[in-house]
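Observations on the three-dimensional arrangement
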Amino acid sequence: MEGSGGGGGADPGPATAPGGEGEGCEGLWELPVECCERRPVCGRCSRPQKVCLCPFLPVHPLKVSTCLYIIQHPAEESRVLRTVPLLAACLPPDKCKILVGRRFNEDRYPELATVCRNPNTLILYPGAEATNLEEVAVMSSSPSVMIIIDGTWSQAKDIFYKNSLFRLPKQVQLKPSISSQYVIRTQPTNTCLSTLECAAVALSIMEKNKSIQETILHPLQALCSFQLQHGAQIHHSKEHLLKNGLYDKPMPKNKRKLRRMELLVNNVKI
């Protein structure tokens, strides 16, 4: 181990010995270092300016009464092809609030705690206890608040079940009626949607306005089209790959994960 020798004077070592490898490195420290500058980013869509998607966004933010709280897993912040910035660009700032983190408690997030205790607040997360959003929307007359978790399915599950605040709002889910258009990222099943798509469908239901969904999906369609034109490949869902014998990764050794994959193949809701 380096630095574990006994006492005594400094040993120049082989790296600096005459005629050794160190000789070939002389002068390298004086070479100029190129600074890697980040590409200028659009202030509205958060995309690099050369591939700005603002032409595909609504000219003015959509007028909606429903307020979205996006609970974003920290890992999503570093993803290049995120959908939440496009969603936020379609809505007024006071109608799309983004909170980044894994754990949310009342002491650190008093505003969120108040929102979660509001009887008009909904949380979009599928499950046996969830009610179809269409049924809730029919009975709702006052403006609502909707919480949506942004992350992979395992990240979303972790956030939902390990934060007691998110068990307070009424749990709702979307009917699996459409396939994801976010074809440049792999989804677990054919009916799993990106955060932007979930918000688009949910807002169109809550606001009883189908055009909202079309408007919010427009920049996502443009993003996917651009990426496919420049070398990206269409990502089929894991469900599609398994059913068609195209899944080329090693099968998991974990029995629970293996069982989940078997359920995907057999069209069992998980």
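For clarity, every value in this text was computed on a predicted model and none was experimentally measured.

The rules we used
- Residues numbered from 1 in each chain as written.
- Predicted model: local features only at pLDDT ≥ 70, side-chain atom pairs only at ≥ 80, totals over all residues.
- Heavy atoms only, no water.
- Disulfide = S-S within 2.5 Å.
- Buried < 20%, exposed > 50% of the residue type's maximum accessible area, 1.4 Å probe, protein only.
- Axes fitted to C-alpha atoms, helices over the stretch in contact; angles between N-to-C directions.
- Helix = DSSP H or I, 4+ residues; strand = E, 2+ residues; numbered from the N terminus.
- Parallel < 35°, antiparallel > 145°, perpendicular 65-115°, else oblique.
- Left-handed = near helix turned anticlockwise from the far one by under 90°.
- Contact = heavy atoms within 4.5 Å.
- Nonpolar A, V, L, I, M, F, W, Y, C, P; charged D, E, K, R; others polar.
- Expected span 1.5 Å × (residues − 1).
- Pairing = 2+ DSSP bridges.
- Polar contact = N/O pair within 3.5 Å; in protein donor to acceptor, adjacent residues only side chain to side chain.

Re the state of the cysteines
By definition, a disulfide links the sulfur atoms of two cysteines through a covalent bond. Evaluation of the coordinates by the stated rule reveals zero disulfides. The structure places no disulfide on Cys54, whose sulfur is separated from the nearest cysteine sulfur, that of Cys42, by 3.4 Å. On the basis of relative accessibility, which here comes to 19%, the residue Cys54 falls in the buried class. Of the cysteine sulfurs around Cys96, a residue in no disulfide, the closest is that of Cys67, at 8.0 Å.

Focus: the packing of helix α5 (residues 195–206) against helix α6 (residues 210–229)
Between α5 and α6, the shortest axis-to-axis distance is 7 Å and the interhelical angle comes to 165 degrees. Judged by the inter-axis angle, α5 sits roughly antiparallel to α6. When you trace α5 past α6, the crossing you get is right-handed. In this structure, α5 uses Leu196, Glu197, Ala200, Val201, Leu203 and Ser204 to contact α6, whose residues at the interface are Lys210, Ile212, Gln213, Ile216, Leu217 and Leu220. Tallied by class, residues from the contact of α5 with α6 come to eight nonpolar, two polar and two charged.

A closer look at α5
Here α5 is 12 residues long and its end C-alpha atoms lie 16 Å apart, about the 16 Å a rise of 1.5 Å per residue gives. When you tally the buried positions in α5, you get 12 out of 12 residues, the bulk of the element. Thr195, Leu196, Glu197, Cys198, Ala199, Ala200, Val201, Ala202, Leu203, Ser204, Ile205 and Met206 are the residues of α5 that are buried. Where α5 is buried, its residues touch β1 (67–72), α1 (84–90), β3 (121–124), α3 (133–139), β5 (145–150) and α6. Remark: Lys208 follows α5 within two positions and exhibits a positive phi of approximately 55 degrees.

A closer look at the pairing of β1
Of all six residues that make up β1, six are buried, and the element is covered over most of its length. Every second residue of β1 is oriented toward a common face, with Cys67, Tyr69 and Ile71 on one face and Leu68, Ile70 and Gln72 on the other, all of them buried. Bridge analysis of β1 against β5 gives six bridges, and the strand direction is parallel. Bridging from a neighbouring strand, Ile71 pairs with Ile149 of β5. Where β1 and strand β2 (residues 96–100) come together, five bridges link them in parallel fashion.

Thoughts on the sheet that holds β5
Pairing is parallel in the open sheet, where six strands are placed in the order β2-β1-β5-β3-β6-β4. Two strands lie at the open edges of the sheet, namely β2 and β4 (131–132), each paired on one side alone. The sheet contacts of α5 involve β1, β3 and β5, and relative to β5 the element is tilted by about 165 degrees.

Notes on the side chain of Thr121
For Thr121, the position within the fold is in strand β3. You can call Thr121 buried: its relative accessible area is 1%. Here Thr121 is in contact with Val115, Cys116, Val145, Ile147, Pro169 and Lys170, once residues within four sequence places are set aside.

As for the environment of Arg82
Mapping Arg82 onto the fold places it in the loop between β1 and α1. Among the residues examined, Arg82 registers a relative accessible area of 24% and is labelled partly exposed. It is 9.2 Å that separates the C-alpha atoms of Arg82 and Thr195, two residues lying 113 residues apart in sequence. At a separation of 3.5 Å, a polar atom in the side chain of Arg82 contacts the main-chain carbonyl oxygen of Glu77. A polar contact is formed between the side chain of Arg82 and the backbone oxygen of Arg79, at a distance of 3.1 Å.

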